[in-house]
Amino acid sequence: MIWYDETAARREERFSIWDKRVEQDGTPQAIPQKYARELQSKIAGKVVLPGDPDYNTDRMVFNPRFSAYPQAIVYCVSPADVAECLNVSRALDLPVVVRSGGHSTAGFSSQSGFLIDVSELNDVGIYPESECAWVGPGTTFGKFNKHLQAYGYHTPGGACPTVCVGGYMQGGGYGFTARIFGMNCDQVEAVRVMLSDGRIVYADSEWNTDLYWAVRGGTGSNFGVLLAVKYKIYPLNSFAGFSICWSMAGAEGETQTANALAWLQANFMRTGAPDQLGYQMIWAYQGAEGTAKVPMLLMRGMYNGSTEDMRSVIQPVLDQPGAVLQTVYDPMPYEALNEALLSKPYEIPEFPKNFPFPPREAKLSRYLDQLLTADDWLKLVQYYVSTPNQTAIAAMEIYGGAIATPERTNAFIHRDVYCDIFFDVFWATEADKDQMLAFSQGWADTIAPYWSGRVYQNYPSPDNPDFGENYWGSYYPVLRFIKSKYDPLNLFRYPQSIAPTDRLDEDMGIYGLDKPIQHAHRS
Ligand SMILES: Cc1cc2nc3c(=O)[nH]c(=O)nc-3n(C[C@H](O)[C@H](O)[C@H](O)COP(=O)(O)OP(=O)(O)OC[C@H]3O[C@@H](n4cnc5c(N)ncnc54)[C@H](O)[C@@H]3O)c2cc1C
């Protein structure tokens, strides 16, 4: 047998590319060659520098609207690789961001400093006997759900199969079953995190409790590199489902939709709907390719129980004028139901055939914590239907149920609200961009009187100077203190990273702030 040393082969391949490299005007800055060579020599993963053949694809995130030029991109295949990257970043005082799935809606996982890519850290271990799973940050929800389903388990996750655990969990994590079980971050029993000095810490309800609190909602690339997450899992994987819709077409459609929204908000969101029901309401233009599309309010949900029970639960909704029952799904596996709810009879949003994918996109999140009248809803509906581009959607992620735990459960504090409503605009060309961003701003102005002042941190917009207040309210000073404790060098930094401070006036009831970091391993 001929022994093939993959790491050595990769090193030689990288070095031969760098040897031929000619610095040209306009080439983005790279970390010094000396550091790049040493790093590539030590790790099993791959270093990519500006000028490398793959650099221009590797530096991109899911949303092509964002285009940053990191000085180094490193695909890590083990925690040891991550530690070597941090050594180099510290030596060069280069800001670090981490990338798992690259779905940050503000492009935060690729910036101009050091990019540590952990998409290869994607092991999944399901442990039925202790009803838990250990999952790597680079695990997509497509993969995680397949593993859970194989063992007949569930834990609430995202609707999109390519979003990864690494970013999603740290921003909260909403999906169809969040009302039934809680947010994704509420299922986390423990985490392993590599701090900026390369040491690995374990955090749970007894160890490093302040980090355990912060990492569940405090957003990524702040406290360290998340290496693994331990989730609570539930011994079931099938849910019943339904789709109901209202047409928003014409004055009558707009009024019926606004009345339905007012009724639903008062009777079927924060309270009223049973805890075993999770649902979202999406405003979207729908119709077959090539036909005139119609603006619709789509109510799509999952129910933990029988079809018969679900039918009686949704009957009061169907009694609202204009409601049309589209589909009832008998209990079926979560992943298939999730996909059906978002793609049948039409994809949401539905892009014309020639629309570039993935699309350029801008998301804008607003939480609602006060009741709107039917007239208020009508203003929003009328604004939405005026979209210059029928791919725009508004999506209401309905809260209440198991999400409504005490505010300080963890750093995801949006507990006592009706819903998050995110406005999502897409554009195919630069010429359309300004128009769609202006349309999104018009939505922000229209919804402003009803907005609670909070924003879902998993849907960041790039320009938001008030992010600390919007994401965490009065808990932001605590997060700043925890940031300074676990990342004293402020190595993890980007436009909306938490600003460290060693001053704290009020602990807000968060435990462990005064304790030293516990470094010993535990698992
Ligand atoms: C198409 C699409 C669908 C979505 N659907 C949903 C949904 O249904 N529900 C929902 O709640 N959200 C949804 N989101 C938002 C999504 O949850 C966030 O964008 C999430 O942060 C993405 O995580 P990621 O690892 O894929 O992305 P990344 O861009 O890799 O990471 C996001 C942030 O976390 C940091 N980070 C990533 N990994 C690590 C790590 N291992 N250690 C430390 N920091 C890290 C990054 O630096 C970045 O700041 C969606 C986004 C998109 C684009």
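- For the protein chain, the name recorded in an unreviewed UniProt entry is FAD-binding oxidoreductase, with Phaeobacter gallaeciensis as its organism.
- As recorded by UniProt, the Cofactor (unreviewed entry) comment attached to the protein chain reads in full: "FAD".
- In UniProt, the protein chain has this text filed under Sequence similarities (unreviewed entry): "Belongs to the oxygen-dependent FAD-linked oxidoreductase family."

Observations regarding the domain arrangement of the protein chain
- Taken as a whole, the protein chain is organised into domain 1 (6–117), domain 2 (128–235) and domain 3 (238–461).
- With 31 residues of domain 2 at the contact, the number on the domain 3 side is 37 residues.
- When the two sides are added together, the surface that domain 2 and domain 3 hide from each other amounts to roughly 2700 Å², 56% of it contributed by carbon and sulfur.
- Linking domain 2 with domain 3 are two salt bridges, by the criterion used here.
- If you look at where domain 2 meets domain 3, you find 20 residue pairs in polar contact (both at pLDDT 80 or more).
- When residues of the side of domain 2 that touches domain 3 are traced back to their parent elements, those giving at least two are helix H5 (141–151), helix H6 (165–170), helix H7 (178–181) and helix H8 (209–215).
- Here the side of domain 2 that touches domain 3 is built from residues that sort into 11 nonpolar, 16 polar and four charged.

Here's the deal with the UniProt feature "domain: FAD-binding PCMH-type" (unreviewed entry) in the protein chain
- The sites that carry the UniProt feature "domain: FAD-binding PCMH-type" (unreviewed entry) are, in the present numbering, residues 66–236.
- Here residues 66–236 runs as 25% helix and 23% strand, with 39 Å between its end C-alpha atoms.

What to know about the packing of aromatic side chains
- For the structure on display, the rule yields 33 aromatic pairs.
- Plain terms: the ring middles of Phe 15 and Trp 18 are 5.9 Å apart, the flat faces sit at 40 degrees to each other, and that makes the pair tilted. Placement of both Phe 15 and Trp 18 in helix H1 (residues 6–19) is noted, with a separation of three residues, approximately one turn of the helix. The same class applies to Phe 15 and to Trp 18, which are both buried.
- When the centroid spacing of 6.3 Å and the interplanar angle of 55 degrees are considered together, the rings of Trp 283 and Trp 377 count as tilted. Placement of Trp 283 in strand E11 (residues 277–286) and of Trp 377 in helix H12 (residues 374–385) is noted, with a sequence separation of 94 residues between them.
- For Trp 283, a relative accessible area of 0% corresponds to the buried category.

Observations concerning the sheet that holds strand E15 (residues 393–398)
- The strand order E13-E10-E12-E11-E15-E16-E14 describes an open sheet built from seven strands, whose pairing is antiparallel. Looking at which strands have only one partner, the edges of the open sheet turn out to be strand E13 (324–333) and strand E14 (360–368). This sheet shows a mean twist of 15 degrees between the axes of neighbouring strands, independent of strand direction.
- Strand direction decides the pairing type here: E15 and strand E16 (residues 419–427), joined by six bridges, are antiparallel.

What to know about the nonpolar core
- Membership of the largest hydrophobic core comes to 131 residues, with the highest contact counts inside it found for Trp 283 and Trp 443.
- Split by domain, the residues of this core number at least three in each of domain 2 (128–235) and domain 3 (238–461).
- Trp 18, Val 47, Cys 76 and Ile 200 belong to the second largest nonpolar core, which has 30 residues in total.

So, the sheet that holds strand E4 (residues 114–117)
- Sheet architecture is open: four strands sit in the order E1-E2-E4-E3, paired in mixed fashion. Of all the strands in the sheet, the pair left with one neighbour each is strand E1 (46–48) and strand E3 (96–99). The mean inter-strand angle of the sheet, taken between neighbouring strand axes irrespective of direction, is 20 degrees.
- Bridge analysis of E3 against E4 gives four bridges, and the strand direction is parallel. Paired with Val 97 across the two strands is Leu 115, which belongs to E4.
- In this fold helix H4 (residues 79–92) packs onto strand E2 (72–75), E3 and E4, with an angle of close to 175 degrees to the strand it touches most, E4.

Some details on the pattern of salt bridges
- Counted by the stated rule, this structure contains 22 salt bridges.
- Its salt-bridge partner being Arg 37, residue Asp 19 comes within 2.3 Å of it at the nearest N-O pair. Here Asp 19 is found in helix H1, whereas its partner Arg 37 is found in helix H2 (residues 33–42), with 18 residues between them in sequence.
- We classify Arg 37 as partly exposed; its relative accessible area is 25%.

What counts and how
- Residues numbered from 1 in each chain as written.
- Predicted model: local features only at pLDDT ≥ 70, side-chain atom pairs only at ≥ 80, totals over all residues.
- Heavy atoms only, no water.
- UniProt positions renumbered as here; feature names shortened; annotations may be inferred.
- Domains from an automatic or database assignment.
- Contact = heavy atoms within 4.5 Å.
- Buried area = accessible area lost by both parts, 1.4 Å probe.
- Salt bridge = Lys/Arg side-chain N within 4 Å of Asp/Glu carboxyl O.
- Polar contact = N/O pair within 3.5 Å; in protein donor to acceptor, adjacent residues only side chain to side chain.
- Helix = DSSP H or I, 4+ residues; strand = E, 2+ residues; numbered from the N terminus.
- Nonpolar A, V, L, I, M, F, W, Y, C, P; charged D, E, K, R; others polar.
- Phe/Tyr/Trp six-rings, centres within 6.5 Å; stacked < 30°, edge-to-face > 60°.
- Buried < 20%, exposed > 50% of the residue type's maximum accessible area, 1.4 Å probe, protein only.
- Pairing = 2+ DSSP bridges.
- Axes fitted to C-alpha atoms, helices over the stretch in contact; angles between N-to-C directions.
- Core = buried A, V, L, I, M, F, W, Y, C linked by side-chain atoms within 4.5 Å.

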